[in-house]
Amino acid sequence: MRKFKEFVFRVFLHTIIVLSLMALFSVIYFIVIRGARVINWEFLTQMPRDSMTAGGIFPAIVGTFCLVLVAVLFALPLGVMAAIYLVEYARQGGVVRIIRTGVNTLAGVPSVVFGLFGMVMFVRLFGFGVSILSGGLTLGIMILPTIIRTSEEALLAVPQAFREASFALGATKWQTIYRIVLPNSISSILTGSILGIGRAAGDTASILFTAATFYIIHLPRSVFSEVQALPYHIYGLLTEGTHPQAQIPIAYGTATVLLFLVLSMSAVSIVMRNRFRRRKKW
Amino acid sequence: MKRFFRRGKGKGIEYIFLFFAFASIFFLGGIVFVLFRAGLPILRTVTLGEFILGRYWRPLFFEPPAYGIFPIILGSLWVTLGAMCIAIPLGVGAAIYIAEVASPRLKEILKPVMELFGAIPSVVYGFFGVVAFAPLIMRLFDLPIGLTALSASILLGLMALPTIVTVSEDVISSVPALYKEASYALGATKLETTLKVVLPAAFPGIVTAIILGMGRAIGETMVVMMVAGGSPVIPRSFLQPVRPMTATIGLEMGEAASGSPHMHALFGIGCVLFAMTLLFSIIAERFSSRFRRGVGM
C-alpha cells in the first residue's frame, strides 16, 4: 500500500511537470511556427507599407533598441552604486532595512503604475513629451530592483580575502572597490543586468502612455521622438489599423522577433550566471 | 593631516553611494505622491464609499457619469483568483518535482528552462490569447465571444506559473537535508517525507512564492486588456467578460481628458492597485522572514 501510494505520488508529479512545460511551450510554439513564415530579411529591415498591412518592422526594432538603451544607461549606474553601498559600506541596521524594503516594494509595483508615474513625471512635468526619453526612464526605474539585486549578488561573490589583501597594502575603501571589487565582479553584474534588459524590452504597459505609438513610418530622429516598439506593435496590430486580417501575420512575425530577442538574452544571462555561481571558488 | 583628508574623502564617497542607494525609496515616494496627487481629487466628485463600492462604472457617454469601481476591483480579484487556481497546484507540484524527484541532471535543465519561461513578455500571452486561446474557449463553452474572465485567468495563471515554480523550488531545496535524512532514517518513504517534513518546513516560503505570483497576476496589464473582454459589470460567472483595474487604466487613459474626473478616477484606481500590491509585498516579506528563521538561515 505504501509502495502504491508512493507510485501514485510520482506519477502525479510527473503529470504536473509535463503538463506545465507543455502548456508554456505550446504558447511559444504556436506563435513561432506561424511567425517564422513571414520573417525574412525584408521583414527585419524594411519600413511598414500600405498602412501597416505590408512591409517590415524595422522602426519597431530600432525603437525597442533605443528605449532599452536609455533604460540601461539610466538604471545600470544607479543600480550598481546602490548595490555598492549595500554590500561594501552599509552596516546592518535600520537604514539598510529601509532600503531593502524599498527595493523589494519597487520590484512588486505593476508596470502600468510605472507608466502612470512616467506619464505625470517625465511626459508632463519635465516636458519630455511622449518620447524615447520618457519611456526609457520609466523602463529604467522599473528594472532598477533587478539590477540592484543582481549587482549585490555579484559583489557578494567577490571573496572577502581580496578586500583584506587590498586593505593590508594600505589601500582605502574606495581604492579597494574601484581597483579590486568592481573589476572582479563587473562581468557578472553585466550578465545579470541582461535579465533586466530582457524585461524592459518586452514590457508594454509602462510605455503605453510614455513612449509608444503605432502609426509612424520614419525612424526616431531624437530622444524626444515617439517611437514604435516591438511589444506595443503587437498590441497595435491587433487593436488598431484598418485591415485587421492583413495585420495578423505581421503580428505573428513581430511576436516571434520579440520572443527571440527576449528569450535569447535571458538564456545568455541565466546560463552565464549559473556558470559564475558554480565557479565561485576562484 | 593628510590622513584626515583621506578619511574625509572616504566619508564623502560613502555618502554619495548612500544617496544613490536611496534612489529606490525616492522613486517609490514619487510614485505614491503622483498617484495620490492625481487620484484623490476624484473624491471631490464622489465620496470614497461611492467610489470603492459603487456598482456602476460609466465615465463616458452617460449623464450623469458614474465612477463606481466595485465591478472593476471584483474583476481584478476574479481573474487573480482564477489564475491562482491554475498556478498554485501546477506551480507547487512542479517545484516539488524539480526539488525532490528530478535527478540532479534533469534539475540542472528544468530550473533554467522554467526561469526562461518566466521571461516571456506578457503581450505575447495576450496575443496568444486573442488568436488561439479565446477562440478555443468560445467553441468549448459555446459562447458568443471567447474573451472572458476564464480565458484571462488561465493565461494569467500560466504567466504566474514560472514565478511560483522558481521561488518555491528555491525554498524547498533550502530545507536542510538533515530534516529529510532524519525522516528517512525513521523508515519514511519519499512521499511521507515530502508531505510531513519538507512541505511543513517550506510552507511559509511557498506562501511567499504564491503571493509573489498573485502580485504578478493582479498587476498584469496586457493580458487582461486583450483577453478579459473589458465589460465593467459585476462578474457572475467565469464565462463573462470582465474589466480588471489594470485593463481599465490601460484602455481608458488615452481617452480621458486631462484634469477631468475620469482621469482622476483612473489614477484613483491606480492608488487602489498600488495599495493591493503593497499589501502583497508586505505579506510576502513577512512569510519569507518567517521561513528563513524557521530553517535557521
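Quick caveat, the model's predicted, so the values are computed rather than measured.

Chemist: What's the story with the overall build of chain A in this structure? I'm lost.
Modeler: Across its full length, chain A carries 10 helices and two strands. Scanning chain A from its N terminus toward the C terminus, one meets helices and strands in the order α-α-β-β-α-α-α-α-α-α-α-α. The C-alpha extent of chain A, read off along each of the three principal axes, is 70 × 70 × 35 Å. The long-range fraction of contacts in chain A, counting pairs at least 24 apart against all pairs at least 6 apart in sequence, stands at 76%. In the form shown here, chain A has an accessible surface area of approximately 12700 Å², with 67% of it arising from carbon and sulfur atoms. In chain A, 24 positive and 10 negative side-chain charges are present, and the distance between their average locations comes to 11 Å.

Chemist: Whenever I open this one, the interface of chain A and chain B confuses me. Can you help?
Modeler: How big an interface is tends to be stated in terms of accessible area lost as the parts join. Residue-level contacts link 80 residues of chain A with 74 residues of chain B. Across the chain A-chain B interface, the total number found is three salt bridges. Glu14(B) is the salt-bridge partner of Arg91(A), the closest N and O atoms lying 3.9 Å from each other. Counting across the chain A and chain B interface gives eight residue pairs in polar contact (both at pLDDT 80 or more). For the side of chain A that touches chain B, the elements supplying multiple residues, two or more each, are helix 1 (2-38), helix 3 (58-89), helix 4 (94-108), helix 5 (111-125), helix 6 (132-156), helix 8 (173-202), helix 9 (230-239) and helix 10 (244-278) of chain A.

Chemist: Can you help me understand unusual backbone geometry in this one?
Modeler: Trans peptide bonds make up most of the peptide bonds, and negative phi angles are found at most residues other than glycine. All names here are of chain B. In this structure, Asp142 is a non-glycine residue whose phi angle is positive, near 55 degrees. Position of Asp142 relative to the elements: it lies in the loop between helix 6 (122-141) and helix 7 (149-173). Among the residues examined, Asp142 registers a relative accessible area of 69% and is labelled exposed.

Chemist: I keep staring at the environment of Leu161(B) and nothing clicks. Help me out?
Modeler: Inspection of the secondary structure puts Leu161(B) in helix 7. On the basis of relative accessibility, which here comes to 0%, the residue Leu161(B) falls in the buried class. In the structure, Leu161(B) is positioned 57 residues away from Ile218(B) in sequence and 14 Å away in space, judged by C-alpha atoms. Ignoring anything within four residues of it in the chain, the contact list for Leu161(B) reads Ser20(A), Leu24(A), Ala87(B), Leu90(B) and Gly91(B).

Chemist: Honestly, the packing of helix 1 of chain A against helix 6 of chain B in this entry has me stumped. Any pointers?
Modeler: Helix-helix packing: each pair is described by the crossing angle between the helix axes and the interaxial distance. Axis separation between helix 1 of chain A and helix 6 of chain B bottoms out at 10 Å; the angle between their running directions is 75 degrees. The angle between helix 1 of chain A and helix 6 of chain B places the two elements in the roughly perpendicular class. Note on element contacts: helix 6 of chain B touches helix 1 of chain A through Val124(B), Tyr125(B), Phe127(B), Phe128(B), Val131(B) and Ala132(B), opposite Leu24(A), Ser26(A), Val27(A), Phe30(A) and Ile31(A).

Definitions and cut-offs
Residues numbered from 1 in each chain as written. Chains lettered and ligands numbered in written order. Predicted model: local features only at pLDDT ≥ 70, side-chain atom pairs only at ≥ 80, totals over all residues. Heavy atoms only, no water. Helix = DSSP H or I, 4+ residues; strand = E, 2+ residues; numbered from the N terminus. Contact = heavy atoms within 4.5 Å. Areas by Shrake-Rupley, 256 points an atom, 1.4 Å probe, with all protein chains shown as cover. Lys, Arg positive; Asp, Glu negative; His and termini not counted. Charge placed at Lys NZ, Arg CZ, Asp CG, Glu CD. Salt bridge = Lys/Arg side-chain N within 4 Å of Asp/Glu carboxyl O. Polar contact = N/O pair within 3.5 Å; in protein donor to acceptor, adjacent residues only side chain to side chain. Buried < 20%, exposed > 50% of the residue type's maximum accessible area, 1.4 Å probe, protein only. Axes fitted to C-alpha atoms, helices over the stretch in contact; angles between N-to-C directions. Parallel < 35°, antiparallel > 145°, perpendicular 65-115°, else oblique.

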